[in-house]
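Okay, here's what each chain looks like letter by letter:
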Amino acid sequence: AQKVTQAQTEISVVEKEDVTLDCVYETRDTTYYLFWYKQPPSGELVFLIRRNSFDEQNEISGRYSWNFQKSTSSFNFTITASQVVDSAVYFCALRQRGDSSYKLIFGSGTRLLVRP
Amino acid sequence: DSGVTQTPKHLITATGQRVTLRCSPRSGDLSVYWYQQSLDQGLQFLIQYYNGEERAKGNILERFSAQQFPDLHSELNLSSLELGDSALYFCASSSSGTSNEQFFGPGTRLTVL
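Residues numbered from 1 in each chain as written. Chains lettered and ligands numbered in written order. Predicted model: local features only at pLDDT ≥ 70, side-chain atom pairs only at ≥ 80, totals over all residues. Heavy atoms only, no water.

Undergrad: Can you help me understand the overall build of chain B in this one?
TA: Looking only at helices and strands, one finds 0 helices and 11 strands in chain B. When the elements of chain B are put in sequence order from the N terminus, they spell out β-β-β-β-β-β-β-β-β-β-β. For 113 residues, the compact-globule estimate of 2.2 N^0.38 gives 13 Å, and chain B sits close to it at 13 Å. Referenced to the eigenvectors of the C-alpha coordinate spread, the extents of chain B come out at roughly 40 × 30 × 25 Å. Across chain B, contacts joining residues at least 24 apart in sequence account for 53% of those joining residues at least 6 apart. (Helix = DSSP H or I, 4+ residues; strand = E, 2+ residues; numbered from the N terminus. Rg over C-alpha atoms; globule rule 2.2 N^0.38 Å. Contact = heavy atoms within 4.5 Å.)

Structure follows, in structure tokens:
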């Protein structure tokens, strides 16, 4: 079975706080790809990052960082020094290499509210 | 701007009607995907086309159909609309290759009254 779980439905923080969004996935494939997308209030889905299953190196991009741990099937996303503009719904997604459709399986999303 | 365009942005129609949603992929992308985002089902894959041919189907109702044209734009046709079809419909495109990320269009918000 393939599944993505984002247990945190909604998180509220005060600006400048650090926040971590959790993502746990299930897959039988040994090769797969993980993604994070941001959906701001305007509604579009913005690609943030792709991670291959064979590359467990953590990644940092400005205030964003991602922690990929195969041992716990997790791909968590941390925003450092959060800003009001970070308020959005964040989706974690999985694609299995063995799936010829290349479709993305999304988690249910975590709504992040950053208060000034 | 992802480079994927979708029209119309909003669509309001009545039950039983038929609508067509249009998507133009990023330049050079051969794959087009359609997703539905609803409050109860979340983001769900509907169907994928690759270079004009259907590649895979997901949770797409029989009342829904899609196609990809020679110029690679795609249309999603929704017929016999029901209240439950109200949702945000996204189109995404990607270049070939399993690892490549999908870039999403701005979506079409469909409201069925």
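Undergrad: Looking at this structure, I do not really get the sheet that holds strand β8 (residues 74-78) of chain B. What am I missing?
TA: Backbone-to-backbone hydrogen bonds pair the strands of a sheet. The strands run either parallel or antiparallel. Residues and elements named next belong to chain B. In space, the 4 strands of this open sheet follow the order β1-β3-β8-β7, with antiparallel pairing throughout. Across the chains shown, the open sheet's two edge strands, defined by having one partner strand only, are β1 (5-7) and β7 (64-68). Adjacent strand axes in the sheet meet at a mean angle of 15°, parallel and antiparallel pairs treated alike. Pairing of β7 with β8 involves 5 bridges; the strand directions are antiparallel. Counterpart to Gln68 in the pairing with β8 is Ser74. (Pairing = 2+ DSSP bridges. Axes fitted to C-alpha atoms, helices over the stretch in contact; angles between N-to-C directions.)

Undergrad: So what exactly am I meant to see when it comes to the state of the cysteines here?
TA: A covalent bond between the sulfur atoms of two cysteines is what we call a disulfide. Residue and element names in this part refer to chain A. Under the counting rule described, the total for this entry stands at 2 disulfides over all chains. Shown here is the disulfide that connects Cys23 with Cys92, its sulfur atoms set 2.0 Å apart. Torsion about the S-S bond of the Cys23 and Cys92 cystine: about -65°, corresponding to left-handed handedness. With a gap of 69 residues between them, Cys23 in the loop between β3 (19-21) and β4 (24-26) and Cys92 in strand β10 (residues 88-96) connect regions that are remote in the sequence. Overall, the relative accessible area of 0% leaves Cys23 in the buried class. (Disulfide = S-S within 2.5 Å. Buried < 20%, exposed > 50% of the residue type's maximum accessible area, 1.4 Å probe, protein only.)

Undergrad: Teacher, can you tell me more about the nonpolar core here?
TA: Generally speaking, a soluble globular protein has its nonpolar side chains buried in company with each other. One finds Trp36(A), Phe75(A), Phe77(A), Tyr90(A) and Leu112(A) to be the most contacted residues of the largest nonpolar core, which totals 24 residues. Put simply, the parts of the chain that give this core at least two residues each are β2 (10-14), β3, β5 (32-39), β8 (64-69), β9 (74-79), β10 and β12 (110-115) of chain A. Here this core takes 4 residues from β10(A), the largest share from any one element. Counting 21 residues, the second-largest nonpolar core is a separate cluster that includes Ile47(B), Tyr49(B), Leu78(B) and Ala87(B). (Core = buried A, V, L, I, M, F, W, Y, C linked by side-chain atoms within 4.5 Å.)

Undergrad: Help me out: how do you make sense of the packing of aromatic side chains in this one?
TA: Centre-to-centre distance and the angle between the planes together describe a pair of aromatic rings. According to the stated counting rule, one finds 20 aromatic pairs over all chains in the structure shown. Plain terms: the ring middles of Trp36(A) and Phe77(A) are 5.3 Å apart, the flat faces sit at 50° to each other, and that makes the pair tilted. Here Trp36(A), found in strand β5, pairs with Phe77(A), found in strand β9; they are 41 residues apart in sequence, far enough to count as distant. An aromatic cluster is defined as three or more aromatic residues linked by ring pairs; in this entry it consists of Phe35(A), Tyr37(A), Phe47(A), Phe91(A), Phe106(A), Tyr35(B), Phe45(B), Phe90(B), Phe103(B) and Phe104(B). (Phe/Tyr/Trp six-rings, centres within 6.5 Å; stacked < 30°, edge-to-face > 60°.)

Undergrad: I tried to follow unusual backbone geometry on my own but got confused; where do I start?
TA: Peptide bonds are mostly trans, and most non-glycine residues show a negative phi. Residue and element names in this part refer to chain B. A cis amide bond, omega -10°, links Thr7 with the succeeding residue Pro8. Counting through the fold element by element, Pro8 comes out in the loop between β1 and β2 (10-13). Phi at Asn51 takes a positive value of approximately 50°, unusual for a residue other than glycine. Among the residues examined, Asn51 registers a relative accessible area of 47% and is labelled partly exposed. A positive phi is found at Ser80, a non-glycine position, where the angle reads about 45°.

Undergrad: Please clarify how the interface of chain B and chain A should be interpreted in this entry.
TA: Accessible area lost upon the coming together of the parts is a frequently used measure of interface size. Taken residue by residue, the interface counts 19 residues in chain B and 19 residues in chain A. Both sides together, the interface formed by chain B and chain A hides about 1,800 Å², and carbon and sulfur atoms give 57% of it. Here chain B is connected to chain A by 1 salt bridge. For Arg50(A), the salt bridge identified is with Glu101(B), shortest N-O distance 2.6 Å. Counting the contacts that link chain B with chain A gives 4 residue pairs in polar contact (both at pLDDT 80 or more). For the side of chain B that touches chain A, the class distribution of residues is 10 nonpolar, 7 polar and 2 charged. (Buried area = accessible area lost by both parts, 1.4 Å probe. Salt bridge = Lys/Arg side-chain N within 4 Å of Asp/Glu carboxyl O. Polar contact = N/O pair within 3.5 Å; in protein donor to acceptor, adjacent residues only side chain to side chain. Nonpolar A, V, L, I, M, F, W, Y, C, P; charged D, E, K, R; others polar.)

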